[in-house]
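# Commentary on secondary and tertiary structure
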Amino acid sequence: MFTLIKREIEDHLAFFLGAIIATAILIVPLVSAVLNYDPPHNMPVYAIGLLIPVIIVVVIGLPAMGASQMYTDRNRRISAFLSGLPVTRSQILVARIVTGVLAILIVLVPLTITGKVLRSLLLPPIPIYPGLIADMSVTAFLMALACYCLGLQTGWTSSKPTPTLAGLALTFVLIPLIIVKGFGLHTTVILVLFTVASLVCTWQKFKSTAL
Amino acid sequence: MDENVIEVENLVKYFDGRCVLDGINLKVPRGCIYGLLGRNAAGKTTMIRILFGLEPSTRGWAFLLGTESSSLSRKVKGRIGYVAEGHNLIQSYKVGRLVKLCRDLSLQWNSEFFAHLIEMFHLPMDRRVSQLSIGMRAQLNLSLALAIDPELLVLDDPTLGMDTVARRQFLELAIDLIQQQGRTILFSSHILSDVERVADRIGILAGGKLVVDCALEEVKNRIRKFRLIFAESAPEDLHLTEIINQQIQGREMVITVANWNRQKQAMLEIFKPSSSTELPMSLEDIFIECTKPTAVTTASQ
């Protein structure tokens, strides 16, 4: 399994580099904004201005990574080759999903740690409920995973650009969902269901398609 | 230990409503070198792909090393070497990286034997797979399949696209090595001389059916071709079963019959042909006769 994960990472290194860069771009304005925060005034505008495009890049980047993994596989018949070795299709797919989760964690873990540190060290004691960062992290993780899984699904089932783009556009539905519902149990349940449905569909297609 | 390394039961495969495999039954015993013959698009690759779980079957069952093909475990796959048609390797990888990937994923790896093969085939480890010639790709694919010391080796048209010299070199250097080690081999090809050199049992796929399935020597004994001259015009029906092909021109009849025996000989003599000459048949002649659209199922056991 480790070999398969390593292969996936090496073949999609650009996405991992992108994830690291996106993390850095998110952390720098976040720290800068907190350091320059003057309590009676609002947060610096540039912090929010930088955050929005980066979040969009992440929301596009993750499904693009999933789609790229599956499309490259189909195009280069990588799974067909790997299936000739002592590897099962389930192992190939699990390794792929683990790779996606790693890419998500590369973005989320440093952000969560930064958030925790900044909150405890620098911010004045303003009333924020204690589980906010944990809730935000869980929701962000699930949203990113849902985006990634949708990418896997569209990458495996479609070769044409239009349905692929339409599938990727679906990921943008998730952002308003969080804006409307906020963080918490409802959003978590919806995102989990979305992810599971997408994964089951991908797994079923991947297991039954001719390689 | 399983007696039959490969077992296929009533295998049916349809592609877009077209029947490619129509109720195939096949058993390959341990230690056998089985040559699977058929014209282009006869279904050889489809059958092998179903055997390896790469393609779902429409109906029927296929077993490799006693395990159902669609659920081959890692352990079972680790005992099988597979050379796919067209040498399906990851083209963007360098040879060295591909070898490392295969070594890391395999359950056992015979480094010494693999190094010997690489040296013998002069394969460059620092070149990309896409930069290798078809012959080199075939050699690399075979080396990778052999390095795991497989119990069963499945070679799907391994010499496809190779020129005569490369094909001969491939066969001489590789197939001899395989034979020495007494493995079970399923070898598919449409180049009869390749199969004739290595196989001890052959199957011929035609019209979606396995029209021949017997030992190589036996097939030559069981399928006979005669030129018969009759005193008057040749009879339209000789009442013989298992006629593969029959051509009538006035008094002359050329007939190819499967499973030739004394009963059929006696039946033929009833019609009192004025002359009966047996025409010698090479494997190629048998193949051509059997793959004609009118050919019937013949030497299946």
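Residues numbered from 1 in each chain as written. Chains lettered and ligands numbered in written order. Predicted model: local features only at pLDDT ≥ 70, side-chain atom pairs only at ≥ 80, totals over all residues.

With that out of the way, let us pick up the overall build of chain B. Tallying secondary structure elements over chain B gives 10 helices and 14 strands in all. With respect to the three principal axes, the spread of C-alpha positions in chain B is 75 × 40 × 40 Å. Across the 301 residues of chain B, 43% fall into the buried class. Long-range contacts, defined here as pairs at least 24 residues apart, represent 71% of the contacts in chain B between residues at least 6 apart. (Helix = DSSP H or I, 4+ residues; strand = E, 2+ residues; numbered from the N terminus. Buried ≥ 20, exposed ≤ 12 C-beta atoms within 10 Å, placed from the backbone. Contact = placed C-beta atoms within 7 Å.)

On to the overall build of chain A, then. Counting its secondary structure elements, chain A contains eight helices and zero strands. Along chain A, from the amino end to the carboxyl end, the secondary structure elements read α-α-α-α-α-α-α-α. A burial count over chain A gives 32% of its 211 residues as buried.

Attention shifts here to the nonpolar core. Generally speaking, nonpolar side chains in soluble globular proteins are found buried as a group. Of all hydrophobic cores here, the largest spans 120 residues; its most connected members are A144, A146 and Y148 of chain A together with V154, F187 and I204 of chain B. When residues in this core are grouped by element, the largest group, 12 residues, is from helix 6 (residues 132-157) of chain A. Among the domains, domain 1 (4-217) and domain 2 (224-280) of chain B are the pair contributing at least three residues each to this core. Setting aside residues up to four positions removed in sequence, A144 of chain A forms contacts with V58, L62 and I104 of chain A. (Core = buried A, V, L, I, M, F, W, Y, C linked by C-beta atoms within 7 Å. Domains from an automatic or database assignment.)

For the rest of this paragraph, the subject is the interface of chain B and chain A. Across the contact, 21 residues belong to chain B and 16 residues belong to chain A. Those elements that provide at least two residues to the side of chain B that touches chain A are helix 2 (74-77) and helix 3 (95-105) of chain B. By residue class, the composition of the side of chain B that touches chain A is 10 nonpolar, seven polar and four charged. (Nonpolar A, V, L, I, M, F, W, Y, C, P; charged D, E, K, R; others polar.)

Time to look at helix 1 (residues 44-51) of chain B. Owing to its 3.6 residues per turn, the α-helix brings residues three or four apart onto one side. Burial analysis of helix 1 of chain B places eight of its eight residues in the buried class, which makes it a mostly covered element. A positive phi of about 80 degrees marks G53 of chain B, the residue just after helix 1 of chain B.

All names here are of chain B. Pairing is mixed in the open sheet, where six strands are placed in the order 6-7-8-3-9-10. The open sheet has two edge strands, strand 6 (80-83) and strand 10 (209-215), and neither has a second partner. Between one strand axis and the next, the sheet turns by 15 degrees as a mean value, whatever way the strands run. Of the pairings in the sheet, the one linking strand 3 (residues 33-38) to strand 8 (residues 184-189) comprises five bridges and is parallel in character. (Pairing = 2+ DSSP bridges. Axes fitted to C-alpha atoms, helices over the stretch in contact; angles between N-to-C directions.)

All names here are of chain B. Strands sit in the order 2-1-4-5 across an open sheet of four strands; the sheet is antiparallel. For this open sheet the edge positions go to strand 2 (18-29) and strand 5 (67-68), each flanked by a neighbour on one side alone. Strand direction decides the pairing type here: strand 1 (residues 4-15) and strand 4 (residues 59-64), joined by five bridges, are antiparallel. Paired with V12 across the strands is R59, a residue of strand 4.

Okay, unusual backbone geometry next. Residue and element names in this part refer to chain B. Positive phi outside glycine occurs at D149, with the angle close to 50 degrees. Within the secondary structure, D149 is located in the loop between helix 5 (134-146) and strand 7 (152-156). A tally of 17 C-beta atoms within 10 Å means that D149 is categorised as partly exposed.

Attention now goes to the pairing of strand 2 of chain B. All names here are of chain B. Summarising the sheet, strand 1 and strand 2 pair through nine bridges and their orientation is antiparallel. Within the sheet, the bridge partner assigned to Y14 lies in strand 2 and is C19. Where strand 1 folds back onto strand 2 in an antiparallel hairpin, the turn is made up of two residues, including D16, whose phi is positive at roughly 50 degrees.

Looking at the secondary structure, you find L132 of chain A in helix 6. Considered as a pair, L132 of chain A and G184 of chain A are 52 residues apart in the sequence and their alpha carbons are 9.3 Å apart.

Attention shifts here to the domain arrangement of chain B. Assigned domains of chain B: these are domain 1 (4-217) and domain 2 (224-280). Just the C-alpha atoms count here: the centres of domain 1 of chain B and domain 2 of chain B sit 40 Å apart.

With that settled, consider the packing of helix 1 (residues 2-11) of chain A against helix 5 (residues 89-121) of chain A. All names here are of chain A. Following both chains from N to C, one finds helix 1 and helix 5 inclined at 55 degrees, their axes separated by 9 Å at the closest point. Classified by the interaxial angle, the pair formed by helix 1 and helix 5 is oblique. Where helix 1 crosses over helix 5, the two elements pack in a sense that is right-handed. When helix 1 is examined against helix 5, the residues L4, I5, E8 and I9 are found in contact with a partner set consisting of Q91, I92, A95, R96, V98 and T99. In the contact of helix 1 with helix 5, the residues fall into six nonpolar, two polar and two charged. (Parallel < 35°, antiparallel > 145°, perpendicular 65-115°, else oblique. Left-handed = near helix turned anticlockwise from the far one by under 90°.)

Residues and elements named next belong to chain A. The N-to-C vectors of helix 5 and helix 6 enclose an angle of 160 degrees; their axes lie 10 Å apart at closest approach. Classified by the angle between their axes, helix 5 and helix 6 sit roughly antiparallel to one another. For helix 5 against helix 6, the interelement crossing comes out right-handed. Residues R96, G100, V101, I104, L108, T112, G115, K116 and R119 of helix 5 pack against I133, S137, A140, F141, A144, L145, Y148 and L152 of helix 6. For the contact of helix 5 with helix 6, the class distribution of residues is 10 nonpolar, four polar and three charged.

Confidence along chain A averages 80 in pLDDT terms, with 82% of residues attaining 70 or more. The weakest mean pLDDT in chain A belongs to helix 7 (residues 161-181) of chain A at 72; the strongest belongs to helix 1 of chain A at 90. (pLDDT = per-residue confidence, 0-100.)

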